[in-house]
Amino acid sequence: MYFYKDSFVEKTDRMISPDDRGYYFGDGIYEVFRIYHGKVYEQEAHLVRLVRSAKDVRIELPYSLEQIREIITTLVKKSRISEGTLYMQITRGEAPRAHSFPQNGKPVMTAYCTDVPRPTDAMDNGIRAISQDDIRWLRCDLKTLNLLPNVLSKQAAVDHGVQEVVLHRGGIVTECSASNLMMVKNQILHTHPANHLILHGITRMVVLRLAHALKLEVREEPFTLEDLYQADEAFITGTTVEITPLVEIDNKPIGSGIPGTITKQLQQQFERTFSK
Ligand code: PMP
């Protein structure tokens, strides 16, 4: 079941225009919501981010927030998803190809749910990563459809037989190709500040909240790739990856090369935020 252009349709019934600016320019924004036990996790935080992305790329949302909430509720119910994700994207609309905004383009929203199990194996055992230059633009805080650098990074990970790419600008670690990154050194949790260089992850926000509750010292300050090599623990955060330990980077183990104690503590606390 899809929501596409004002109505609920079957996937095969969608007629996507080749003139959709999403295709020509990646001219659109999106959100990925997590569903646990048939309920949308941190829905309002995702909607706040969606509104901000829309505003900053100057796309007018085609529906009110109240209508969007209703669309989400209907989709989750109709899809009968218990554990999964809801993908929502809004493009600037359909118009013959020209860079400037179309005069009468109506933004097009697509949304659907997918069954996605929790990645328990990766969460228990950790993942490995390589590092790469962060070649993205300077508004990584906006969740836009322009994901080519992220796609290329993720493929580089696959080509190297690892699961993620840690991105850095001139040696300063920003985030990963599809997740935020945190590291622990001497019991202090470090992560890049939520500025224009990273996506302000919803999971990142929840984890920082949990860290404060655990009275962990947190530093939202830039740190280097060299610092990450010397870290005691590291993990990535994201809507689908939750808190996944990072146990190796650039062929070097992080800490003792197994998921760390603080990482596990945060994982336990995180699980409590959506458990029945
Ligand atoms: N950074 C990037 C580049 C992402 O694509 C994502 C989402 N997969 C995240 C961070 C994590 O954000 P969230 O916790 O909101 O899913």
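Quick summary incoming for the structure in this document. These numbers come from a predicted model, not from an experiment.

### So, the side chain of Glu31
Right, on to step 1. Within the secondary structure, Glu31 sits in strand S3 (residues 28–36).
Right, on to step 2. The buried category is assigned to Glu31, whose relative accessible area is 0%.
Right, on to step 3. Setting aside anything within four residues of it in sequence, one finds Glu31 in contact with His46, Arg49, Leu50, Leu86, Tyr87, Met88 and Lys143.

### Some words on the site of the ligand
Right, on to step 1. If you check the shell around the ligand, you find 17 residues, and the closest are Arg49, Glu175, Ile202, Thr203 and Thr239.
Right, on to step 2. The side chain of Glu175 places a nitrogen or oxygen atom 2.6 Å from a nitrogen atom of the ligand.
Right, on to step 3. For the ligand, a nitrogen atom lies 2.9 Å from a polar atom in the backbone of Ala178.
Right, on to step 4. Alone, the ligand offers 390 Å² of accessible surface; in the complex the protein occludes 90% of this.
Right, on to step 5. For the ligand, the cavity whose grid points lie within 2 Å of the majority of its atoms is the largest pocket.
Right, on to step 6. For the shell around the ligand, the secondary-structure elements that each account for two or more residues are strand S9 (172–176), helix H6 (202–213) and strand S13 (233–238).
Right, on to step 7. Residue composition of the shell around the ligand, by class: four nonpolar, nine polar and four charged.

Calculation notes
- Residues numbered from 1 in each chain as written.
- Predicted model: local features only at pLDDT ≥ 70, side-chain atom pairs only at ≥ 80, totals over all residues.
- Heavy atoms only, no water.
- Helix = DSSP H or I, 4+ residues; strand = E, 2+ residues; numbered from the N terminus.
- Buried < 20%, exposed > 50% of the residue type's maximum accessible area, 1.4 Å probe, protein only.
- Contact = heavy atoms within 4.5 Å.
- Near = heavy atom within 4 Å.
- Polar contact = N/O pair within 3.5 Å; in protein donor to acceptor, adjacent residues only side chain to side chain.
- Areas by Shrake-Rupley, 256 points an atom, 1.4 Å probe, with all protein chains shown as cover.
- 1 Å grid on protein atoms, 1.4 Å probe; cavity = no way out; pocket = protein on both sides within 12 Å on 5 of 7 lines; lining within 4 Å.
- Sits in = over half its atoms within 2 Å of the grid points.
- Nonpolar A, V, L, I, M, F, W, Y, C, P; charged D, E, K, R; others polar.

The analysis is restricted to geometry; functional conclusions fall outside its scope.
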